[in-house]
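Inside the fold
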Amino acid sequence: MTDKSPATRASFDQYMFPNYAPLDVIPVRGQGSRVWDQAGREYVDFACGIAVSSLGHCHPALVAALNEQAGRLWHVSNVMTNEPALRLARKLCEETFADRVYFCSSGGEANEAAFKLVRKYASDHSGPEKREIIAFENAFHGRTLFTVSVGGQAKYTQGFEPLPGGITHLPFNDVEALERAVTGRTCAIVVEPIQGEGGVLPAAPEFLRAARELCDRHEALLVFDEVQTGNGRTGDLYAYMSSGVTPDIMSTAKGMGGGFPVGATLATSAVAKSLAVGTHGSTYGGNPLACAVAEAVMDVICNPEVLAGVRRRSERLIAGLEAINDRYGLFREVRGRGLLLGCELVEEWRGRSRDFLSAGLAEGLMILVAGPDVIRLAPSLVIPDEDMDEGLARLDRVAASLKAPA
Ligand SMILES: *Cc1c(COP(=O)(O)O)cnc(C)c1O
C-alpha cells in the first residue's frame, strides 16, 4: 500500500540525504512574486529560489511554452538535434559575444564544460606546461569535484580530496596579485562579475580589465561565470555587457530557465572548436522542454524595456533598504547591481544572516543569505511595485522584531 498521508518536513529527515537543511515551510504554489505554503500562508518572494525563478512563478509565457512543448516532443538525445535547442542557440549567439553554445542542465555542468574546454584548448594549442587555471578566493562555481576545486571556499572541498590540480587561488579584486600570478603557464582566468554566493561582491571594473589584458598578453582564456549574474539579473542581459570587458567563454544557468533546469556554456568559435566530436557531452543537454522554456525567457528579457525595468526596480529596492537601514542601522553596506543585492550586516550582527531568513518567513517574506554576514535579495525581474513595497514593509517588520529586546 502506498502511503497517502500528506508529505511533511519530517519526511525529509526520514528519506532524503542530509546534505540540505530545508526550512520548515513547504511551498506548494506560486504566482508572480507571491508564494503559498501547505498551511495556506502567503509570502512575498525576494529570493526566486536562488536567483532562478527570475520572471516570477508561473509566468504565462513560460507556462505556455512548456505546455506547448510538453505536448509535442520531450527528448531525443544528442544523437539528433532538435528545434528548440537550435532556436535557443541562435538567439544566444545573436545576443552575445559568442559564436557557439553548449547546453547542459545546471550551472555546475556549464562550468565543468568551460573548465574542461580551457584545458583542452591549451592542450590543442600549447605545450603541456600551460595548464594553470587562476581563480579567486570566495568564488563559487558549482559542486562537481572540478568546479568546487576552482571555487575558492575550502568548506566545499574539505573531505573530498584528492582534488584536481593546476588551480591557483588569488584574492578577489587584487590587480597586483593578479599581475604577479599570470604567466605563460596560465591557460585561463575564471571570474564571477559579481561574486554571488561569496557575498554579493562586485568585481572592480579595473580588475576585470586587468584580467582581460593579462589573458591577451599571455594567450590565456578569460572565463566569466555568469550563472547567477546572467539573464537580466543585473539589468544587462549579461553582466559582462556593461563591464567593458568581453570574455572568451561564459557559463550561465540559474535564471536562464526561469525555474526549469537548463544551463549553457558560450564561447567564440575559435575556442569552441576544441570540444570536438566525442570530447564532451550530456544526455539532457539541449533537452527540448528546457530549451523551449529558456527561449521563452529570452523572448521576455531581450527587451530594453524589461531590462530598464530591472534597473528601475533596483533603485526602488535600494531606496527601501536604505530607509530600513536609517531606522535600524543593521547594514554596513548595501551593494550589488540590478536585482542582485547584498546587505552586509554591521559588526554586532555579524554571523547572524540566517536569523533574518527565519524571521523573514515568520513575517511572510522569502529572502536569501550569501554567507553568514550578508542578506541577499534577488526578486523577480518583473516584480510589481506593490509586491516590492509589501516585501519591504515585511522586511521592516523583520528588522523591528530582531532589534526588539527579547
Ligand atoms: C549557483 C551557481 C553555480 C552552480 O550552479 P548549479 O546550477 O547549482 O550547479 C555556479 N556558479 C555560480 C556563480 C552560481 O551562482
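Residues numbered from 1 in each chain as written. Predicted model: local features only at pLDDT ≥ 70, side-chain atom pairs only at ≥ 80, totals over all residues. Heavy atoms only, no water.

Once that is clear, we can look at the side chain of Gln69. Within the secondary structure layout, Gln69 lies in helix 3 (residues 60–70). Residue Gln69 is classed as buried on the basis of its relative accessible area, which comes to 4%. (Helix = DSSP H or I, 4+ residues; strand = E, 2+ residues; numbered from the N terminus. Buried < 20%, exposed > 50% of the residue type's maximum accessible area, 1.4 Å probe, protein only.)

Moving on, we get to unusual backbone geometry. Cis peptide bonds are those with omega within 30 degrees of zero, and the linkage from Glu161 to Pro162 qualifies with 0°. Tracing the backbone shows Pro162 in the loop between helix 6 (145–150) and strand 6 (167–170). Unlike most non-glycine residues, Ser77 shows phi in positive territory, near 70°. Among the secondary structure elements, Ser77 is positioned in the loop between helix 3 and helix 4 (83–95). Phi is positive for Glu219, close to 50°, though the residue is something other than glycine. Within the secondary structure, Glu219 sits in the loop between helix 8 (205–217) and strand 10 (221–225).

Now for the site of the ligand. Surveying the vicinity of the ligand reveals 13 residues, the closest of which are Gly107, Gly108, Asp225, Gln228 and Lys254. A distance of 2.6 Å is found between an oxygen atom of the ligand and a backbone nitrogen or oxygen belonging to Gly108. At a separation of 2.6 Å, an oxygen atom of the ligand approaches a polar side-chain atom of Lys254. In isolation the ligand has 380 Å² of accessible area, and contact with the protein removes 81% of it. With 3 residues, the single largest contributor to the shell around the ligand is helix 5 (residues 107–125). (Near = heavy atom within 4 Å. Polar contact = N/O pair within 3.5 Å; in protein donor to acceptor, adjacent residues only side chain to side chain. Areas by Shrake-Rupley, 256 points an atom, 1.4 Å probe, with all protein chains shown as cover.)

Turning our eyes to something else, we now look at the sheet that holds strand 6. Taken together, the 7 strands give an open sheet; going across it, the order is 4-12-11-10-7-5-6, and neighbouring strands pair in mixed fashion. Unpaired on one side and paired on the other, strand 4 (100–104) and strand 6 mark the two borders of the sheet. For this sheet, the mean angle separating the axes of adjacent strands, direction not counted, is 20°. Across 4 bridges, the pairing between strand 11 (residues 249–252) and strand 12 (residues 263–267) is antiparallel. Bridge assignment links Ser251 to a residue of strand 12, and that residue is Thr265. (Pairing = 2+ DSSP bridges. Axes fitted to C-alpha atoms, helices over the stretch in contact; angles between N-to-C directions.)

Nothing here speaks to function; it is geometry throughout.
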